[in-house]
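Spelled out from the first residue to the last, the chains are:
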Amino acid sequence: HDFFDRHARQYIVALGKEISFGLRCGYTETESEVPCLRGRIAFERLAEVTTLRPHLLPCRFDEFSPDTPHNQVLKQALATLVRRISNSELRNLGESLLLQLEYVSDTNSAWGAIKDLEPDRFNARHDKLLRHAKLTIKSHFAFARSSNQKNNDAPHGFVMLWDIERLYERHAFK
């Protein structure tokens, strides 16, 4: 627990510092039913929506919000850590950060969906934090796939996966 809590503390403190500067927002494509035209009409849903609710139009538009894939990964990693932290003070700090990320949607992305996610030039300062978040999700993913189907047990656990080649190369270099 002590090693895991240190890992969690390092991530939570770094994320708290970045959130204090403000979340990086971006444009995301949104689909919504609105009373006036906004963006483009979603013609494939037009008949369905106007039949049931004639005062609404199905529209697709770009919205500037903090709900970007980058922020979703950071929140998913934070939620994974908070569920397993044994230190109550650290858990409270993590939960307060989750409240600050309330405008970022909750996702449960698989490792394959996020492994190629890299920060753009605007998010370059988050590179280390994003790698930490991806490592956290990757480490949890091994247990997320290994539930006991016979007893209907929920998957639980956490494993730290390290790229041993990198560690060995750095050790040999030093």
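The structure under discussion appears in the preceding block.
Residues numbered from 1 in each chain as written. Predicted model: local features only at pLDDT ≥ 70, side-chain atom pairs only at ≥ 80, totals over all residues. Heavy atoms only, no water.

Draft legend 1. Local environment of the overall build of the protein chain. Per the secondary structure count, the protein chain includes seven helices and three strands. Reading the protein chain from its N terminus to its C terminus gives the helix and strand order α-β-β-α-β-α-α-α-α-α. Across the protein chain, the fraction of contacts at a sequence separation of at least 24, relative to all contacts at a separation of at least 6, is 67%. Surface exposure of the protein chain reaches about 11,800 Å², of which carbon and sulfur atoms provide 53%. (Helix = DSSP H or I, 4+ residues; strand = E, 2+ residues; numbered from the N terminus. Contact = heavy atoms within 4.5 Å. Areas by Shrake-Rupley, 256 points an atom, 1.4 Å probe, with all protein chains shown as cover.)

Draft legend 2. Focus on the sheet that holds strand β2 (residues 40-41). Taken in spatial order, the three strands line up as β1-β3-β2 in an open sheet, and their pairing is antiparallel. Looking at which strands have only one partner, the edges of the open sheet turn out to be β1 (26-34) and β2. Judged from the nine bridges that link them, β1 and strand β3 (residues 57-65) form a sheet pairing that is antiparallel. From the neighbouring strand, Tyr27 faces β3, where its bridge partner is Phe64. Across the sheet, helix α2 (residues 43-52) touches β1, β2 and β3, and the angle it forms with β3 is around 120°. (Pairing = 2+ DSSP bridges. Axes fitted to C-alpha atoms, helices over the stretch in contact; angles between N-to-C directions.)

Draft legend 3. Expanded view of the nonpolar core. The biggest cluster of nonpolar side chains holds 22 residues, and the ones touching the most others in it are Tyr11, Leu15, Leu74 and Leu78. If you list the elements that add at least two residues to this core, you get α1 (2-20), α3 (69-84), α4 (88-100) and α6 (127-144). (Core = buried A, V, L, I, M, F, W, Y, C linked by side-chain atoms within 4.5 Å. Buried < 20%, exposed > 50% of the residue type's maximum accessible area, 1.4 Å probe, protein only.)

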